[in-house]
Amino acid sequence: MNNSKIWLSSPHMGGNERNFVQEAFDTNWVAPLGPNVNGFEKDLENYLGNDSHVGALSSGTAAIHLGLILLGVQAGDVVICQSMTFSASANPILYLGATPVFVDSERETWNLCPIAMEAAIVDSIAKGKKPKAIIAVHLYGMPFKVTEIKTVADKYQIPILEDSAEALGSLYKGQKCGTFGAIGILSFNGNKIITTSGGGAIVSTNKEVKEKAIFLATQARDNAPHYQHSQIGYNYRMSNICAGIGRGQMEVLDKHVSLRRKMHDFYQELFQNVAGITVFESPNADYVSNHWLTAIVVDSDKTNGITAEQIRLVLEQENIECRPLWKPMHLQPIFEKYAYYGTQVAETLFVNGLCLPSGSNLVNEDRARIKKVFLELMQL
Ligand SMILES: *Cc1c(COP(=O)(O)O)cnc(C)c1O
């Protein structure tokens, strides 16, 4: 067997990406606007359905930043944020000088716990600071408890910014993730389910959100022949080259979702009779995850003492990439001074969890290598 690197999640081109990029060169649309940008937005709007309006941006982080601005978040405001996530979910709160309040996960979807979230909201209101927005994440592609979270958000009339960076192609009760929040965001970073080499998008059923996001993302130029500005602008638009890659990727999105889901099936089968290793899976049929990454939780009391970290190191030796789960934000040096509501759910997952190679481009030989390591390690 060869020993080439098996990645957690690497770019997987489908074929037509080059043609769209070539067309951009041929027509000299080498700029942060052009037919690929409009075409990619249309493709995403058709894919998401639900009257979505999509603005293509330079990154998912940029989309969260603009999303918070469009929800009216300003310096001094409080924003609720899922603690167990990538830091890009939370950083834009600080860009705006607002204050994050972190909330624990529940055990079923690993996303925002509605009970802890309500406690955070009630406390903030008691302190005279009703939260301006809730950042809810579909972690690893698993939809959060949309109904329960929306019920609490609606009760206090707080808009949801839906971080769907990892969940393009996931569904909750038949509806595509990215379309549930007042504003949704997507990411097309190199490690995501599809990539534009780097990019993101803002999603809303409100057409005005798209228009305003594009306005802010192109330096907030007022309608005048000279450069006239009455608001702070940003340079956050997606380029026509990147959008060309995105158009090619849209042609293979569904196929890549099904291949990621097959990787998840592979791990479920591998670990089905292994004591102490649990594959993270949907609580019920309402939740359809794209399984961007397959994650496991290791109970070392039942694995003869083998821990998640030991598994990670053994895989690393075999040139197989795997990662601990996202370290919760309330445990990060940059965020630890902010309020946190919850118990130890996210923290315990972080200690015992592991993300395994999940790319849509993995082949039988890769799976055989992964399987062999586990068979030896667990002495199956
Ligand atoms: C990747 C990611 C982002 C940020 O997206 P970029 O396009 O890399 O800026 C935000 N939130 C989550 C949960 C992510 O995984």
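Anyway, here's the lowdown on the structure attached to this text. (Residues numbered from 1 in each chain as written. Predicted model: local features only at pLDDT ≥ 70, side-chain atom pairs only at ≥ 80, totals over all residues. Heavy atoms only, no water.)

### Description of the pairing of strand S8 (residues 183-187)
Then, number 1: In terms of burial, S8 is a largely internal element, 5 of the 5 residues being buried.
Then, number 2: With 3 bridges joining them, strand S5 (residues 160-163) and S8 adopt parallel strand pairing. Paired with glutamate 162 across the strands is glycine 184, a residue of S8.
Then, number 3: By the bridge criterion, 4 bridges tie S8 to strand S9 (residues 200-204) in an arrangement that is antiparallel. Within S9, the position partnered with serine 187 by the bridge is glycine 200. (Buried < 20%, exposed > 50% of the residue type's maximum accessible area, 1.4 Å probe, protein only. Helix = DSSP H or I, 4+ residues; strand = E, 2+ residues; numbered from the N terminus. Pairing = 2+ DSSP bridges.)

### Re helix H12 (residues 364-377)
Since one α-helical turn is 3.6 residues long, residues separated by three or four positions face the same way.
Then, number 1: If you check H12, its first and last C-alpha atoms are 20 Å apart, about what 14 residues at 1.5 Å a residue would give, namely 20 Å.
Then, number 2: The complete set of buried residues in H12 reads Asp366, Arg369, Ile370, Val373 and Phe374. Down the axis of H12, the buried side of the element spans an arc of 130 degrees, and every buried residue falls inside it. Across from the buried face of H12, at angles greater than 90 degrees, the exposed residues are Asn364 and Glu376.
Then, number 3: At its buried positions, H12 is contacted by helix H9 (253-271), helix H10 (308-317) and strand S14 (353-356).
Then, number 4: A positive backbone phi angle near 50 degrees is found at glutamine 379, which sits one or two residues after H12. (Expected span 1.5 Å × (residues − 1). Arc of directions from axis to C-beta. Contact = heavy atoms within 4.5 Å.)

### Re the environment of isoleucine 202
Then, number 1: Relative to the helices and strands, isoleucine 202 resides in strand S9.
Then, number 2: Sequence-wise, isoleucine 202 and asparagine 91 are 111 residues apart; in three dimensions their C-alpha atoms are separated by 17 Å.
Then, number 3: Beyond its immediate chain neighbours, meaning those up to four positions away, isoleucine 202 contacts His53, Val54, Gly55, Leu57, Ala63, Leu66, Gly67, Leu70, Ile183, Gly184, Val209 and Ala213.

### Quick word on the packing of aromatic side chains
Then, number 1: Summed over the entire model, instances satisfying the criterion amount to 14 aromatic pairs.
Then, number 2: Ring centres of phenylalanine 335 and tyrosine 338 lie 6.4 Å apart, and the angle between their planes is 50 degrees; this geometry places the pair in the tilted category.
Then, number 3: Phenylalanine 335 sits in the buried class, given a relative accessible area of 0%.
Then, number 4: Put simply, the rings of Phe86, Trp110, Tyr140, Phe280, Trp292 and Trp326 pair up and form one aromatic cluster.
Then, number 5: The ring of tyrosine 47 carries lysine 176 above its face, with NZ or CZ at 4.1 Å from the centroid.
Then, number 6: One Lys or Arg, arginine 221, reaches over the ring of tyrosine 227 and ends 4.0 Å from the middle of that ring. (Phe/Tyr/Trp six-rings, centres within 6.5 Å; stacked < 30°, edge-to-face > 60°. Lys NZ or Arg CZ within 6 Å of the ring centre and 35° of its normal.)

### A look at the pattern of salt bridges
Then, number 1: A complete count under the given rule lists 14 salt bridges for this structure.
Then, number 2: Of the charged contacts in the structure, one is a salt bridge between glutamate 108 and lysine 145, with a shortest N-O distance of 2.5 Å. Linking glutamate 108 in the loop between strand S3 (99-103) and helix H5 (114-126) with lysine 145 in the loop between strand S4 (133-137) and helix H6 (146-155), this pair joins segments that are 37 residues apart in sequence.
Then, number 3: On the accessibility criterion, glutamate 108 (42% relative accessible area) is partly exposed.
Then, number 4: Where arginine 312 meets glutamate 309, a salt bridge forms, and the shortest distance between an N and an O atom there is 2.9 Å. Of this pair, arginine 312 and glutamate 309 both sit in helix H10, 3 residues apart, roughly one helical turn.
Then, number 5: Judged by relative accessible area, arginine 312 falls into the buried class, the value being 17%.
Then, number 6: On the accessibility criterion, glutamate 309 (38% relative accessible area) is partly exposed. (Salt bridge = Lys/Arg side-chain N within 4 Å of Asp/Glu carboxyl O.)

### Points about unusual backbone geometry
Then, number 1: For glutamine 219, which is not a glycine, the phi torsion comes out positive at approximately 70 degrees.
Then, number 2: You can see glutamine 219 is positioned in the loop between helix H7 (207-217) and helix H8 (240-250).
Then, number 3: Overall, glutamine 219 belongs to the partly exposed group, its relative accessible area being 36%.
Then, number 4: Located in the positive-phi region is alanine 220, a residue other than glycine, with phi close to 45 degrees.
Then, number 5: Summarising the element assignment, alanine 220 is placed in the loop between H7 and H8.

### What to know about the nonpolar core
A general feature of soluble globular proteins is that nonpolar side chains tend to end up buried together.
Then, number 1: Residues Leu44, Met117, Ile134, Tyr140, Leu168 and Phe188 are the most contacted members of the largest nonpolar core, which totals 62 residues.
Then, number 2: The element best represented in this core is helix H2 (residues 35-48), accounting for 5 residues.
Then, number 3: For this core, the two domains that each supply at least three residues are domain 1 (17-252) and domain 2 (254-377).
Then, number 4: Among all residues touching tyrosine 140, those that are not within four sequence positions of it are Trp110, Glu166, Phe280, Ser289, Asn290, His291, Trp292, Leu293, Leu325, Trp326 and Cys355.
Then, number 5: Within the second largest apolar cluster, 32 residues are counted, among which are Phe102, Ala165, Ile183 and Val209. (Core = buried A, V, L, I, M, F, W, Y, C linked by side-chain atoms within 4.5 Å. Domains from an automatic or database assignment.)

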